[in-house]
Amino acid sequence: MMNPLAQELNDLLAGTTPGELLSDLGQRLYFPKGIIAQSGEAKKLGKVANGTIGMTVINGKPAILPSVRKYAPELQSGELVAYAPTAGNPDLRALWKEEMLKKNPGLEGKSVSLPVLVPGLTAGISYLADLFLDETKGLVAADPSWDNYVLIAGARRNAPFVQFQIFKDGKFNVDGLEECLRKQAETGSVRVILNFPQNPSGYSPTKSEAARIVSIIKDLAEKGTKVMVWCDDAYFGLNYENDIYPQSLFAELCDLHENVLAAKIDGPTKEDFAWGFRCGFITFGGKNLTDTHYDALVKKLMAAIRSSVSCASTPPQSMIFKAYRDGDIQTEKIEFRKVLEARYKLVKKFVTSHKSTAISPLPFNSGYFMAFHLDTVDAEELRQKLLTEKGIGTISIDSHTLRVAFSSLDEEKIETVYQAIYDTADELAKA
Ligand SMILES: Cc1ncc(COP(=O)(O)O)c(C=O)c1O
């Protein structure tokens, strides 16, 4: 039997694209009218006393041990040890939306949900998988992709994991993507994750490639297929070439067609150089979705959060909010981005001036990484040899892809690392 609260949300979403795309778990999820909801009401109305929440409150403030307090002296106890709301600090959520509009002017005038704070982008992707994937509802992703996608979609949700080859003839394989999406449409609906700048290749589509991706999705939608696009924007803003489409595809997809639901996954993890903070956001956008629809969708997402981690950690939310509000974060970020761009340029210079019969760089123009395609040598063998003989760490993504994170290589090490990769690959090819 469906819980009545779940049924209520399902009824609100009935007939909409999100309603039709929900997984079995997505349909069952509901946000209880229990402790969290009642405590929220008490926060607003319980002016005399609030005996609802499981925290120790002394003189109206959450208790905090001085030994804990001393490491973050500028934060109030409420900003440090108090529980955060299930969907995150409301001020930070509003701020993140404002920033999203500044970063993506194409969102101007379009209606999207308030971002929901999740404990990192990974958690966000996993929650989307809870809500929209199951045994019959698969996920399309690039090949190669970040290895966590298949773990989340395949192992955790037992959903089909369908991949398209991301590059063909040295270019982004838009035709391969189209063919894969059309085939997936035959299963009844489509869910696809697009990650730009991409992990592991470090590629972002050009303006014309982005336009084609959008038009393929529009065409599928016009022909009656419900399409959900997950935009994994983890590395947003790290573009090093002028012909890259500068916004998130979410800005185009969030009002593309009634049959399209877009979800944006982003956050401070890489954008604000705060990897361990475990802060991320999920924002929904779909043409003609009303505030009631967004509220119902957000409640489903809150149910996924409540039933797994309950809420995200408070101190990082307070720190990111204050850094944006009071700090000089934008100028500081430009400085760090310049460091990454300088490394990108060095790597680009090296790989365009060196040739190997064994390895060739996949297209890259953005982000943290670049990857080599290996024709005649095994990536794991190359990785092992680089590690044990040269003391250089890289990642073998699959048997023919080696990923190098130039984001973690100081400039002066780049020549050494890349020379070693080329030399070692050539040695292996000859052996
Ligand atoms: C493509 C992609 N998405 C998401 C993430 C995860 O972000 P978070 O650390 O916030 O979970 C990563 C991190 O490596 C990534 O490469």
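Model, not experiment: these values are computed from the prediction.

1. Details of the overall build of the protein
So, step 1. The number of helices and strands found in the protein is 18 helices and 15 strands.
So, step 2. Here the C-alpha atoms of the protein give a radius of gyration of 23 Å, agreeing with the 22 Å that 2.2 N^0.38 yields for 431 residues.
So, step 3. Projected onto its principal axes, the C-alpha coordinates of the protein cover approximately 80 × 60 × 35 Å.
So, step 4. A buried classification covers 53% of the 431 residues belonging to the protein.
So, step 5. A sequence separation of at least 24 residues applies to 71% of the contacts in the protein between residues at least 6 apart.
So, step 6. When the accessible surface of the protein is split by element, carbon and sulfur atoms take 53% of a total near 19800 Å².
So, step 7. Side-chain charges of the protein comprise 49 positive and 54 negative groups, with the mean position of each set lying 5 Å from the other.

2. Digging into the site of the ligand
So, step 1. Lining the immediate surroundings of the ligand are 13 residues, of which Thr122, Asp232, Tyr235, Thr269 and Arg278 lie closest.
So, step 2. Contact distances for the ligand include 2.6 Å between an oxygen atom and a side-chain N or O atom of Thr269.
So, step 3. Within the side chain of Lys270, one N or O atom sits 3.1 Å away from an oxygen atom of the ligand.
So, step 4. Burial of the ligand by the surrounding chains reaches 91%, relative to a free accessible area of 390 Å².
So, step 5. Elements represented by at least two residues in the shell around the ligand include exactly helix 8 (121-132) and helix 13 (268-271).
So, step 6. Classifying every residue of the shell around the ligand gives 5 nonpolar, 5 polar and 3 charged.

3. A closer look at the sheet that holds strand 12 (residues 359-361)
So, step 1. Across the sheet, 4 strands lie side by side as 12-13-15-14; this open sheet has antiparallel pairing. Strands at the two margins of the open sheet, each flanked by one partner only, are strand 12 and strand 14 (395-398). Neighbour-to-neighbour, the strand axes of the sheet open up by a mean angle of 30°, direction not taken into account.

4. A closer look at unusual backbone geometry
So, step 1. Going from Asp143 to Pro144, the amide bond is cis rather than trans, its omega being 0°.
So, step 2. Within the fold, Pro144 resides in the loop between strand 4 (139-143) and helix 9 (148-156).
So, step 3. The peptide bond linking Phe196 to Pro197 adopts the cis configuration, its omega dihedral lying at -15°.
So, step 4. In this fold, Pro197 is placed in the loop between strand 8 (189-195) and helix 11 (207-222).
So, step 5. A positive phi is found at Asn158, a non-glycine position, where the angle reads about 55°.
So, step 6. Within the secondary structure, Asn158 sits in the loop between helix 9 and strand 5 (161-165).
So, step 7. One non-glycine residue with positive phi stands out, namely Ser310, at about 75°.
So, step 8. Position of Ser310 relative to the elements: it lies in the loop between helix 14 (291-306) and helix 15 (314-326).

5. A closer look at the pattern of salt bridges
So, step 1. Taken as a whole, this structure holds 22 salt bridges when the rule is applied.
So, step 2. Here Lys103 ties to Glu271 by a salt bridge, and the two come within 2.7 Å at their closest N and O atoms. In this pair, Lys103 sits in helix 7 (residues 90-103) while Glu271 sits in helix 13, placing the two residues 168 residues apart along the sequence.
So, step 3. We note a salt bridge from Asp130 to Arg157, for which the minimum N-O separation is 4.0 Å.

6. Re the UniProt feature "domain: Aminotransferase class I/classII large" (unreviewed entry) in the protein
So, step 1. Here the UniProt-annotated "domain: Aminotransferase class I/classII large" (unreviewed entry) positions come out as residues 64-421.
So, step 2. Helix makes up 44% of residues 64-421 and strand 18%, whereas the separation of the span's terminal C-alpha atoms amounts to 51 Å.

7. What about the nonpolar core?
So, step 1. In terms of nonpolar packing, the biggest core is built from 79 residues, with Phe132, Trp230, Phe284, Ile359, Phe372 and Tyr418 touching the most fellow members.
So, step 2. By residue number, the principal contributor to this core is helix 14, which donates 9 residues.
So, step 3. In this view, Tyr418 contacts Val347, Phe350, Val351, Met370, Phe372, Val404, Phe406 and Leu409; residues no more than four positions away in its chain are not counted.
So, step 4. One finds Val174, Ala210, Leu253 and Ala371 within the second-largest nonpolar core, a separate group that totals 52 residues.

8. Some thoughts on the domain arrangement of the protein
So, step 1. Domain boundaries assigned for the protein yield domain 1 (4-31 + 86-326) and domain 2 (330-430).
So, step 2. The interface of domain 1 with domain 2 comprises 29 residues on the first partner and 22 residues on the second.
So, step 3. At the boundary of domain 1 with domain 2, total buried surface from both sides reaches about 2100 Å², with 59% on carbon and sulfur atoms.
So, step 4. A per-residue breakdown of the area domain 1 buries against domain 2 is headed by Pro200, Tyr240 and Phe273, which together make up 32% of the total.
So, step 5. The interface formed by domain 1 and domain 2 contains 1 salt bridge.
So, step 6. In this structure, Lys333 engages Asp272 in a salt bridge whose closest nitrogen and oxygen atoms are separated by 2.7 Å.

9. Describing the pairing of strand 5
So, step 1. With 5 bridges joining them, strand 4 and strand 5 adopt parallel strand pairing. Paired with Val140 across the bridge in strand 5 is Val162.
So, step 2. On the question of chirality, the crossover connecting strand 4 to the parallel strand 5 by way of helix 9 is right-handed.

10. Considerations on the packing of helix 8 against helix 14
So, step 1. Running from amino to carboxyl end, helix 8 crosses helix 14 at an angle of 115°, the nearest separation of the two axes being 10 Å. As summarised for this structure, helix 8 and helix 14 are arranged roughly perpendicular, according to the angle between their axes. For the crossing formed where helix 8 meets helix 14, the hand is right-handed. Where helix 8 abuts helix 14, its residues Tyr127, Asp130, Leu131 and Phe132 lie against Leu297, Lys300, Leu301, Ala304 and Ile305.
So, step 2. Classifying every residue of the contact of helix 8 with helix 14 gives 7 nonpolar, no polar and 2 charged.

Cut-offs and rules
- Residues numbered from 1 in each chain as written.
- Predicted model: local features only at pLDDT ≥ 70, side-chain atom pairs only at ≥ 80, totals over all residues.
- Heavy atoms only, no water.
- Helix = DSSP H or I, 4+ residues; strand = E, 2+ residues; numbered from the N terminus.
- Rg over C-alpha atoms; globule rule 2.2 N^0.38 Å.
- Buried < 20%, exposed > 50% of the residue type's maximum accessible area, 1.4 Å probe, protein only.
- Contact = heavy atoms within 4.5 Å.
- Areas by Shrake-Rupley, 256 points an atom, 1.4 Å probe, with all protein chains shown as cover.
- Lys, Arg positive; Asp, Glu negative; His and termini not counted.
- Charge placed at Lys NZ, Arg CZ, Asp CG, Glu CD.
- Near = heavy atom within 4 Å.
- Polar contact = N/O pair within 3.5 Å; in protein donor to acceptor, adjacent residues only side chain to side chain.
- Nonpolar A, V, L, I, M, F, W, Y, C, P; charged D, E, K, R; others polar.
- Pairing = 2+ DSSP bridges.
- Axes fitted to C-alpha atoms, helices over the stretch in contact; angles between N-to-C directions.
- Salt bridge = Lys/Arg side-chain N within 4 Å of Asp/Glu carboxyl O.
- UniProt positions renumbered as here; feature names shortened; annotations may be inferred.
- Core = buried A, V, L, I, M, F, W, Y, C linked by side-chain atoms within 4.5 Å.
- Domains from an automatic or database assignment.
- Buried area = accessible area lost by both parts, 1.4 Å probe.
- Right-handed = clockwise from strand over helix to strand, strands pointing away.
- Parallel < 35°, antiparallel > 145°, perpendicular 65-115°, else oblique.
- Left-handed = near helix turned anticlockwise from the far one by under 90°.

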